[in-house]
Amino acid sequence: MDKSFSFKGTINPLKLLNHPIDTVESLKEKKNGSIFSATILLALFTVSEIILDVAKGFIQNTSRVQDFNVIMVLARSLFMVLLFVVTNWGLCTLLDGEGRMIDIYISVCYCLTPLIISRIFETIMSNVLTADEYVFVDMIVVVLNIWFVCLVLFSLKTIHNYTLPKTIFNALVTIVGMAIVFFIIFLFVVLMQQLYIFFATIVTELMMR
Amino acid sequence: MKRKLKSLILLVVLVVMVVTMAAPALAYVPYNTYNYNFYGETVGSPSGYVPEKVYLAQDLGIASIHNPNDIYVSDKDEVYMLDLGGENGRGRLCIFDKNFKLIKEFVSLTDIDGSKYTLNNPSGITVDKDGYIYICDTDNAAVLKLTKDGKIVMKYEQPGEDVFDDSYTYQPYKIVIGINGAAYVISKGCLDGILEFDVDGEFVRFFGAPRVQLSVADYIEIYWRRIYRSFGGAGVDSVFSTYVPTEFENLDIDDGGFIFTNVIATEDSTDEVSKLNFTGANTLSPTTKSTKKVSSSLSSNYGDLEIIPEFDNNFVDIVVDDDGFFSVLDTALSKIFEYDAEGNLIFEYGGAGQQVGTLSSASAMAKLGTKTLVTDRTLCGIVVYDLSDYGRTLHEAVVYYNKGLYSQAEPMWRDVLRYNSNSDIAHVGIGKVYYMNAMYSEAMNEFKLANDRENYSRAYELYRKQYIKDRFTLFMIIIVILIALIIVWRFFGEKIKQAVKSKKEGGNA
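Because the structure is predicted, anything quoted here is derived from the model rather than measured. (Residues numbered from 1 in each chain as written. Chains lettered and ligands numbered in written order. Predicted model: local features only at pLDDT ≥ 70, side-chain atom pairs only at ≥ 80, totals over all residues. Heavy atoms only, no water.)

**Looking at the overall build of chain B**
When helices and strands are tallied, chain B shows 12 helices and 27 strands. Counting over 509 residues, chain B shows a buried share of 46%. Long-range contacts, defined as pairs at least 24 residues apart, comprise 47% of the intrachain contacts of chain B with a sequence gap of at least 6. (Helix = DSSP H or I, 4+ residues; strand = E, 2+ residues; numbered from the N terminus. Buried < 20%, exposed > 50% of the residue type's maximum accessible area, 1.4 Å probe, protein only. Contact = heavy atoms within 4.5 Å.)

**Digging into the overall build of chain A**
Within chain A one finds nine helices and zero strands. Counting helices and strands in the order they occur from the N terminus, chain A gives α-α-α-α-α-α-α-α-α. With respect to the three principal axes, the spread of C-alpha positions in chain A is 70 × 50 × 35 Å. Counted over contacts in chain A with a minimum sequence separation of 6, partners at least 24 positions apart contribute 76%. As displayed, chain A offers around 12200 Å² of accessible surface, 75% of which is attributable to carbon and sulfur atoms. A gap of 7 Å separates the mean positions of the 14 positive and 15 negative side-chain charges of chain A. (Areas by Shrake-Rupley, 256 points an atom, 1.4 Å probe, with all protein chains shown as cover. Lys, Arg positive; Asp, Glu negative; His and termini not counted. Charge placed at Lys NZ, Arg CZ, Asp CG, Glu CD.)

**Considerations on the pattern of salt bridges**
Inspection of every chain in the model, using the stated rule, returns 23 salt bridges over all chains. A salt bridge links Glu49 of chain A to Arg119 of chain A; the nearest nitrogen and oxygen atoms lie 2.7 Å apart. With a gap of 70 residues between them, Glu49 of chain A in helix α3 (residues 35-55) and Arg119 of chain A in helix α7 (residues 113-128) connect regions that are remote in the sequence. Arg119 of chain A carries the same exposure label as Glu49 of chain A, and that label is buried. The residue Lys104 of chain B makes a salt bridge to Asp149 of chain B at a minimum N-O spacing of 3.8 Å. Here Lys104 of chain B is found in strand β7 (residues 102-106), whereas its partner Asp149 of chain B is found in the loop between β12 (142-146) and β13 (152-156), with 45 residues between them in sequence. Using a relative accessible area of 35% as the deciding quantity, one classes Lys104 of chain B as partly exposed. Look at Asp149 of chain B and you get exposed, because its relative accessible area is 56%. (Salt bridge = Lys/Arg side-chain N within 4 Å of Asp/Glu carboxyl O.)

**Side note on the packing of helix α9 (residues 424-436) of chain B against helix α11 (residues 453-470) of chain B**
All names here are of chain B. Orientation of α9 relative to α11, taken along the N-to-C sense of each, is 20°, at an axis distance of 11 Å. With respect to each other, α9 and α11 are oriented roughly parallel. Our pair here, α9 against α11, has a crossing hand that is left-handed. Two secondary-structure elements touch here, α9 through Val428, Lys432 and Tyr435 and α11 through Asn455, Arg458, Ala459 and Leu462. Residues that form the contact of α9 with α11 fall into these classes: four nonpolar, one polar and two charged. (Axes fitted to C-alpha atoms, helices over the stretch in contact; angles between N-to-C directions. Parallel < 35°, antiparallel > 145°, perpendicular 65-115°, else oblique. Left-handed = near helix turned anticlockwise from the far one by under 90°. Nonpolar A, V, L, I, M, F, W, Y, C, P; charged D, E, K, R; others polar.)

**A closer look at the domain arrangement of chain B**
If you check the domain split of chain B, you get domain 1 (47-209 + 250-265 + 273-285 + 313-387) and domain 2 (408-470). Taking only C-alpha atoms, the centre of domain 1 of chain B and the centre of domain 2 of chain B are 41 Å apart. (Domains from an automatic or database assignment.)

**Some thoughts on the pairing of strand β4 (residues 70-73) of chain B**
Residue and element names in this part refer to chain B. What you see with β4 is no split at all: Asp70 and Tyr72 on one side and Ile71 and Val73 on the other are buried throughout. In terms of strand pairing, β4 meets strand β5 (residues 79-83) through four bridges, oriented antiparallel. Looking across to β5, one finds that Tyr72 is bridged to Tyr80. Here β4 folds back onto β5 in antiparallel fashion, the turn holding five residues, of which Asp77 has a positive phi close to 60°. (Pairing = 2+ DSSP bridges.)

Written out as structure tokens, the structure is:
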């Protein structure tokens, strides 16, 4: 049986922060990550996004609790990650990538680690620091976000065995692909709505007769 | 017997209660008053201004009012009104005292050489501190300076030929007198700004022209025009529109010599009001306001925030009062918006309708003490509003607050909050008092209610300082323990690991 399906991953995701290249390669070669650990990381990321939205300090937070919508948060965190994984997998078959869907999923989820840290860091610091001091937090968050993008690019490069230009091309095409998928989902929802209204009208018509 | 006495007393008490409670008859206010919160949503509030009376022609002691063009209140509380009534229907000046008793009515004036002078659609009037009256006689293209007896002493003639294009007709429209005696005149359709005349009536300069606003479509059109021109298209410029700034609609001057001026509407419905200093720069910049609002687009947005496209702002008049509050009159919504010196919306009042206190086609307004006078073309009269108790309290509080006398303003802010607990500026005012008295957590609470993040952050900084100071020992103990733990781990970590390992192996064996 493939090691990726095993319960426990044998690599610490925090290692990505100081040994990114080793970790990404060992994820591919030694299959150190597991679906289970990856899913936990993804869940942590989603939760940290929600926490950031709800518990961000008053000084930095201009949105109100009554305006909070958990579906929107899920749509921009969980849904986006899954959409990226699926789209990238679909495209890598066209662009001669070597990676399987499991590999992409595991490594993208492991790459979320700096994002999780940045969200938690932001939540704590926004409750402790004043408006003037917060500039440094913004800087650190930007650095962590860039770090995340670099990690994703690097792990895609390793998984698919690409050159760097091809990786960047692959990532850009993936983003376009995500937009297309999003558009199709939107169309589908609208069509379903139409269909629903159509049948609902028929039912009302029959009942009124 | 005792029972009867008891019921009698009860009856008397009841009657007294009913009579005293019914005594102050509440004036009916035919409009809703609201303010905007941090998020740009409307929040209901008590009325700041209530309608007092509508003065029609018969109340004022004149035969009729026809198209009132402008109204002005002098330092001596005399009301000057310009309308198109009178025998020829081309212009008349009426002077009333502060109780709206007619003092004088001028159907025609006396010219400098003693002949009769007839006004022709006069649109702007002002009075200087010496009592001279200045009138913008629009269709005669003249600005007149006259005594209180209606005798013209000076005419500000049209500026020389080199000032305007040949195609432009000079139409002086509105006027104010500066603190040094200079006259500031708006000419209808003049896009160069406000005309300044010196004391002798000589034209000095233009100043304060509003900036030109270009949309993305305009930039594209300019680009196309450039291409056409490069291909030698003659007469291209006549096909395309030209880009000119919006013209000023009205102006007023405050005690410090700052000129408040407004345009009817702007492309993005912001920055309609400017406060010009001597050089013509706008000192009412959005940056001074935006700190309190969620976005900069909200910050310099005067008038109603929820604009229906067909009913965009139509600001026709601006008035600044002695306390620094300025109001703009919007004829599209028939509403008056009052702002404090920093540009925060204080009250809006009025509305479209035909009841006492609502307006149909308002043309001008003036301030008589705390009262607001608004002339209405359809109503053919003057509508008078006065501050309510709530409004008076809030005004006093804002005046103290803007002078920096926070603690004097506190009881008034408390009163304001009793009337309206949603008042953001009252919460900020009380918060500042707490802040000055070093009650930081209370201050933070008030600033939070008012959504004032900047002041909240300031109060929080000191609150945090105090918090740590009060628990200094605790924090020091924690830090010392942490350092000790790190040292222990550094020196004995390996040994501990080995000990644990050997114990495990020992257990296995």
